[in-house]
Amino acid sequence: RGHSSASTRFMSKLLVHRVYTQLIVAGTRRHARRRPRLNPPKPRLAVAAAMDKNPETNKYVGYHREEVGSESLVGTVKHFDCHAFLVHGDADAWPGEEFDAEGDAAKTLHDAIKTAAGEHKSGVHQFKPGTSAVGKVKLNLSETGARGAAGDRAGDVIMFPQMRRHRLGADAVNDPAEVADFVRRAVVSGDDAGEALSHRAHLFVCTHMKRDARCGVCGPALIESIRDELKRLDIADDAVAVRGCSHTGGHKYAGNLLLFVPEKGLAAKVEDAGETKGVWYGYVTAAEIPAVLRRTVMRGEVIPRLWRGSMGMRPDEHEAAAAAEAKRIGEPWPPLKTPCDACNEEGGGGGGEEEEEEETDG
């Protein structure tokens with residue numbers, strides 16, 4: 001009887017030990033799966049955007065958030081040679097990952113270009129040299145409706161620097177065979193079929209709210225500011241097209257503005273203006289728009305403090321180019337002030353003397 005009692009006590013202790021050990025192991029595993037929170041969580045950007053859609057007053061995702069001007073913009077654009085935009089609905093309806101929705105035209109076109117290129121990396125379809133007449137391709141979506149441009153139709157593919165519009169149509173752009181044939185013709189072979197774009201300058205602003213609230217709040221407001229300033233400067237509606245577009249890369253640099261303009265700007269005669277160039281700007285606010293239109297759109301001049309890079313330019317080439325341009329126009333490099341500080345002090349980045357010269361020149 002004594003032996004039986006001792007054996008029972010031993011088995012009970014062994015059972016307790018096993019249960020205790022399993023609980024410790026399970027707890028350790030759960031803890032290991034948790035990432036330590038080193039800092040208090042920041043307010044969710046989407047919630048901040050829903051509470052206040054005015055970029056002038058929203059301190060979390062608007063023009064005056066703490067991160068604006070906090071990082072260098074040098075070399076923040078990956079190398080690509082051709083920028084294509086699929087005209088495809090409203091930004092508010094685009095999913096966060098715009099090329100992942102099965103059966104959607106955006107995915108159909110993205111997949112066709114990826115198949116032809118063999119690789120999609122860092123947001124660019126990486127065609128190897130000699131395999132594409134237009135080189136490496138970046139693809140974005142362009143808005144229809146209020147934030148679209150006159151003449152755009154769903155299913156259009158707009159290509160830069162070719163300045164061509166290919167009207168695939170809303171039905172054909174959902175047909176994988178039709179789209180694959182278009183990619184072979186327009187991208188791989190470089191067929192110039194389609195039509196020339198009627199506007200001489202094209203501006204795209206990232207408005208992709210579901211991808212990032214900073215672009216979703218700053219983007220639509222920037223489009224309004226650009227259109228208002230174009231009217232104030234009496235620049236013809238048929239000269240500049242302004243559109244909302246999908247994620248371009250670099251939400252933290254919002255507002256993100258892409259400009260496709262003649263080398264010497266709209267002020268030059270058509271025959272003297274030069275080829276189309278693609279310029280990327282970051283940290284753009286409404287206060288910068290007058291300078292952007294005067295200097296970049298009208299004169300073809302880049303603004304170094306806003307310049308992220310350009311279509312066809314490698315990131316490692318950008319810093320020297322920005323420094324050279326700053327020296328040419330007499331601006332400090334690297335910038336002494338953040339973009340916002342500079343534009344506020346200069347009344348939109350133009351400077352008093354430049355404003356007088358613009359008025360004198362009419």
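Not measured: the values here are computed from a predicted model.

Rules of the game
- Residue numbering note: each chain is counted from 1, following its sequence as written.
- A pLDDT threshold of at least 70 governs which residues receive local features in this predicted model, and a stricter bar of 80 or more applies before side-chain atom pairs are shown or counted, although totals over entire chains, interfaces and linings include all residues.
- Only heavy atoms go into the side-chain values, all of them from the structure, while hydrogens and water stay out.
- Here a strand is any run of E in DSSP of at least two residues, a helix any run of H or I of at least four, and the numbering for each starts at the N terminus.
- Using a 1.4 Å probe on the protein chains alone, a residue whose accessible area is under 20% of its type maximum counts as buried, one over 50% counts as exposed, and one in between counts as partly exposed.
- DSSP calls a pair of strands paired once it identifies at least 2 bridges connecting them.
- In this scheme Phe, Tyr and Trp rings, the latter by its six-membered ring, pair at centre separations within 6.5 Å, and the angle between planes marks the pair as stacked below 30 degrees, edge-to-face above 60, and tilted otherwise.
- Disulfides are defined as cysteine sulfur pairs within 2.5 Å.
- Any Lys or Arg side-chain nitrogen located within 4 Å of an Asp or Glu carboxyl oxygen qualifies as a salt bridge.
- To get an axis, a line is fitted to the C-alpha atoms, and for a helix only the part in contact is used. The angle between two axes follows their N-to-C directions and goes from 0 to 180 degrees.
- Small angles under 35 degrees read as roughly parallel and large ones over 145 as roughly antiparallel, with 65 to 115 read as roughly perpendicular and the rest as oblique.
- Crossing handedness follows the turn of the near helix against the far one: under a right angle anticlockwise gives a left-handed crossing, and clockwise gives a right-handed one.
- Throughout, a residue-residue contact means that at least one pair of heavy atoms, one from each residue, lies within 4.5 Å.
- In this classification, the charged set is Asp, Glu, Lys and Arg, the nonpolar set is Ala, Val, Leu, Ile, Met, Phe, Trp, Tyr, Cys and Pro, and all remaining amino acids, among them Gly, are polar.

Asker: Please give an account of the environment of serine 198 that cites residues and values.
Answerer: The topology assignment puts serine 198 in the loop between strand E7 (195–196) and strand E8 (201–206). Judged by relative accessible area, serine 198 falls into the exposed class, the value being 60%. Serine 198 sits 48 residues away from alanine 150 along the chain, and the two C-alpha atoms are 9.9 Å apart.

Asker: Explain the pairing of strand E9 (residues 240–245) to me, and be specific about the residues and the numbers.
Answerer: Most of E9 sits inside the fold, with six of its six residues counted as buried. Going residue by residue along E9, you find Val240, Val242 and Gly244 tucked away on one face and Ala241, Arg243 and Cys245 tucked away on the opposite face as well. With six bridges joining them, E8 and E9 adopt parallel strand pairing. Considered in E9, the bridge of cysteine 206 is made with cysteine 245.

Asker: I'd like to hear about the packing of aromatic side chains, residue by residue, with values.
Answerer: One pair of aromatic rings is described through two measures. These are the centre distance and the angle between the planes. Using the criterion set out here, one finds eight aromatic pairs in the structure. Their ring planes at 80 degrees and their centres at 5.9 Å tell us that phenylalanine 160 and phenylalanine 204 sit as a pair that is edge-to-face. Highlighted residues: phenylalanine 160 in strand E5 (residues 156–160) and phenylalanine 204 in strand E8, separated in sequence by 44 residues. Looking at phenylalanine 160, the relative accessible area reads 0%, which means it is buried. Here the aromatic residues Phe85, Phe160, Phe204 and Phe260 are joined through ring pairs into a cluster of three or more.

Asker: Lay out the state of the cysteines in plain terms, naming residues and giving numbers.
Answerer: Under the defined criterion, the tally for this structure stands at zero disulfides. Looking at cysteine 206, it has no disulfide partner, and the nearest cysteine sulfur is the one in cysteine 215, 3.5 Å off. A relative accessible area of 2% means that cysteine 206 is categorised as buried. With no disulfide of its own, cysteine 218 lies closest to cysteine 215 among cysteine sulfurs, the gap being 7.5 Å.

Asker: Could you give an account of the pattern of salt bridges, naming the residues involved and the relevant values?
Answerer: For the structure shown, the criterion picks out 27 salt bridges. Two residues, glutamate 229 and arginine 232, come together in a salt bridge whose shortest N-O distance is 2.7 Å. Taken together, the residues span about one helical turn, with glutamate 229 and arginine 232 both in helix H5 (residues 213–232) at a distance of three residues. Assessed through its relative accessible area of 10%, glutamate 229 is described here as buried. Classification of arginine 232 as exposed rests on a relative accessible area of 58%. One connected set of salt bridges, linked through shared partners, spans Asp152, Asp156, Arg165, Arg167, Glu195 and Arg243.

Asker: Which residues make up the packing of H5 against helix H6 (residues 289–298), and what values go with them?
Answerer: One way to put it is that H5 packs onto H6 with a least axis distance of 9 Å and a crossing angle of 55 degrees. Considered as vectors, H5 and H6 are oriented oblique to each other. As H5 runs across H6, the sense of the crossing is right-handed. Here H5 contributes Leu222, Ser225, Ile226, Glu229 and Leu230 to the contact with H6, which in turn contributes Ile289, Pro290 and Leu293. Its residues assigned to classes, the contact of H5 with H6 shows six nonpolar, one polar and one charged.

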